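Examination of the molecular architecture
Here's the letter readout for the chains.
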Amino acid sequence: MAVNGVQSKAGDWRNYKRVLLPPIRDLHRLEVYEAHGGYQTLREVLTSDRWDPKAVIEEVKKSKLRGRGGAGFPTGLKWSFMPPVDDRPRFLCCNGDESEPGTFKDRQLMEFNPHQIFEGILIACYAMSVRTCYLYVRGEFARWIEHMEHELEKLYARGYVGQNIMGTDFSADIVIHKGAGAYICGEESSLMESIEGKRAYPRIKPPFPAQRGLWGYPTTINNVETLANVPLILRNGGEWFASIGAPNHPGPVLYGISGHVNRPGVYEYPTGMLITDLIYEVAGGIRGGKKLKAVIPGGSSTPPLRADMIDGVTMDAESLREAGSMMGTAGLLVLDEDTDMVSWLRRVTHFYAHESCGQCTPCREGTGWLENIVTRIDEGEGRLRDLDLLLDLCDQMEGRTVCALADAAAWPVRYTILRFREEFEAKCKPSLIPTGIDVAPTATE
Amino acid sequence: MADFIKKPVVPLPDLQPEPQIPADQLYFTEEEKQKIARFKEQYLEPAGAVMKTLWLAQEKFGFLPPEVLQLVADELGIPYAQVYGVATFYTQYYKEKKGKYVLDVCTCFSCQVCGGYDILHYLEEKLGIHKGETTPDGLFTLQEVECLGACGSAPVLQVSNGPYVHNLTPEKVDQLLENLKQGKLPPFVSLTLPQDEAELGGNRRSDAEAVESYRTPPVAHHTR
């Protein structure tokens, strides 16, 4: 659907052939994955003269792949930050912590296509000369961890992981690390603290993980979905990948659509899909034939967009930035006209107050106060000046902490107030009557 | 000395707590010790294995009282304080005794707008307890948790850090409680991808015990 003449950057998405979650039955099994060309790319990369580690990184750079974990940093560039090989150990962390509310894409990859993640990990290990990769999966996904460990054992038995992979002199280990329920572990430096067996407090950057990461050694952290794209890039070439979807943010993306839509779920399409296409065509429109009120385009920390702001906006970093939001994790939450935005925001602030790790004061105290004040407004006891107080509090939190959790907590508050102010004011109404004035019931009441 | 100095603002932890696990049960078997040794090999320093060892201990003892934390610390050769710090940082490690089944109901915003609180309140009424409490018979503990990462099939709950139950309705909750009372844990459910429906009939994994579609029941009333 072209809105106001704007065409989707995703091109002919209706005939898009899925590559991250291709429609193959039992693809999660090693036999099936291999029968469909799995681990061929790894074999070629390891044995062919064409692919030395530098060439792999160059190909990933050429593909313009950007991280799918939220920040959208170019993956090839991140890999090239690793220092030259010396006798120190080097590490790769694959981030499957997926705790951002509204995001549920990585779990589908782990369930239906785990071998593509493993293949991507091994290729990334080869490109950066890494011997050990930690695959960090959140503790709630216990069943999916069991399934992946089962497949990983098969890989060790086949000689695809471990010593001298496929008979070459390249060796790499994959260790699945089970988290235990902390949102903050999705932040890369706190993920490393967690693997080291400490309380997962984020570290100050710089030094960046490529200089001082796990146990002080060079480390790279990539999202699960990012690494699952790597075998595709090397199989089909960087240009092929760069030609999918939006030119500045290319590739296939797993869109997780949730909330008030008829067909929620994970959909694989190119980047640059029109948000209107995703809601009305892909997800089957708003449930109950209602009108749209708001869209949260990429997980809880991205600013919500009002229904009148999404015309012609496409799902890529540039377009969403212009519209006043972010790509995040591409987990769209769709809210219909009956949603109470104040009550919604109250739950968001509760989430951040619960998940703040408590290391930095602006975040530890700030998230709690955000929740207290929004709760007060939601309960009908708010004052109008609370709205300014909230915005002031956001100013005090943003950019004043070690990691970005404080920013992630402040953005939804700031932008929900700016974009849905009338709802907040309506909830403050009961307390609008100045104190000190005796409000006697009128005769008619 | 003034009274308020003597009295701490928050209750201090009991420094000499009564052990909750009998001393004759408080040990790791040889097999478990070998497992822990393997965990240690996976990390550059033994401290890295603390999370896996805590999971192992929680599976064995059911929860992690101070004496179990001390046991883990001794096994890994790291300070008690570090193990205590890790165990208290993460929500999935139980620091006190829970019911046989822990029901973690997700109410984070995708579940909220699809009726997560309705399910939570239904369970509260059904079990006669508030969230965070355990039923008198020690069977169920009800908890409200943050996002479980299954927003497409909201509302969702998780049973004892294990299986997920998707697309909850009151009827489904009744059925779940009945099954749990008989000791039957819910099966691993594979969710169909909407895009698969045309090509694979939705069911992509033939080894999953149950298959469910993403479609969710009607929206909650409390958001209106």
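Residues numbered from 1 in each chain as written. Chains lettered and ligands numbered in written order. Predicted model: local features only at pLDDT ≥ 70, side-chain atom pairs only at ≥ 80, totals over all residues. Heavy atoms only, no water.

Points about the domain arrangement of chain A
All names here are of chain A. Looking at chain A, the domain boundaries give domain 1 (25-242), domain 2 (252-336) and domain 3 (341-427). Taking only C-alpha atoms into account, the centre of domain 2 sits 23 Å from that of domain 3. Each side of the interface is counted separately: domain 2 has 15 residues, and domain 3 has twelve residues. Roughly 1,100 Å² of surface becomes buried between domain 2 and domain 3 when both sides are summed, with 68% attributable to carbon and sulfur atoms. Summed over the shared surface of domain 2 and domain 3, the result is one salt bridge. One salt bridge connects K293 with E423, and the closest N-O pair in it is separated by 2.6 Å. Joining domain 2 to domain 3, the criterion identifies six residue pairs in polar contact (both at pLDDT 80 or more). (Domains from an automatic or database assignment. Contact = heavy atoms within 4.5 Å. Buried area = accessible area lost by both parts, 1.4 Å probe. Salt bridge = Lys/Arg side-chain N within 4 Å of Asp/Glu carboxyl O. Polar contact = N/O pair within 3.5 Å; in protein donor to acceptor, adjacent residues only side chain to side chain.)

Let's talk about the nonpolar core
The nonpolar side chains of soluble globular proteins are, as a tendency, buried together. Among the nonpolar cores identified, the biggest contains 194 residues, and I121 of chain A together with Y90 of chain B are the most heavily contacted of them. Tallying contributions element by element places helix 6 (residues 114-127) of chain A first for this core, with nine residues. What I121 of chain A contacts, discounting residues up to four positions off in sequence, is L92, C94, C133, L135, I174 and L227 of chain A. Residues L103, Y117, I119 and L139 of chain B belong to the second largest nonpolar core, which totals 20 residues. (Core = buried A, V, L, I, M, F, W, Y, C linked by side-chain atoms within 4.5 Å. Buried < 20%, exposed > 50% of the residue type's maximum accessible area, 1.4 Å probe, protein only. Helix = DSSP H or I, 4+ residues; strand = E, 2+ residues; numbered from the N terminus.)

Thoughts on the state of the cysteines
Residues and elements named next belong to chain A. Applying the stated criterion to the full structure yields zero disulfides over all chains. Sulfur of C125: no disulfide; nearest cysteine sulfur belongs to C133 and is 5.1 Å away. Taking relative accessible area as the criterion, C125 reaches 0% and is therefore assigned buried. Here C394 is not cross-linked by a disulfide; its sulfur's nearest cysteine counterpart is in C363, at 12 Å. (Disulfide = S-S within 2.5 Å.)

Description of the packing of helix 2 (residues 30-41) of chain B against helix 3 (residues 50-61) of chain B
Residue and element names in this part refer to chain B. Put simply, helix 2 and helix 3 touch, their axes get as near as 10 Å, and they point 160° apart. Classed by the angle they form, the pair helix 2 and helix 3 counts as roughly antiparallel. Crossing angle aside, the handedness with which helix 2 passes helix 3 is right-handed. Of the residues in helix 3, those in contact with E32, K35, I36 and F39 of helix 2 are K52, T53, L56 and K60. Residue composition of the contact of helix 2 with helix 3, grouped by class: three nonpolar, one polar and four charged. (Axes fitted to C-alpha atoms, helices over the stretch in contact; angles between N-to-C directions. Parallel < 35°, antiparallel > 145°, perpendicular 65-115°, else oblique. Left-handed = near helix turned anticlockwise from the far one by under 90°. Nonpolar A, V, L, I, M, F, W, Y, C, P; charged D, E, K, R; others polar.)

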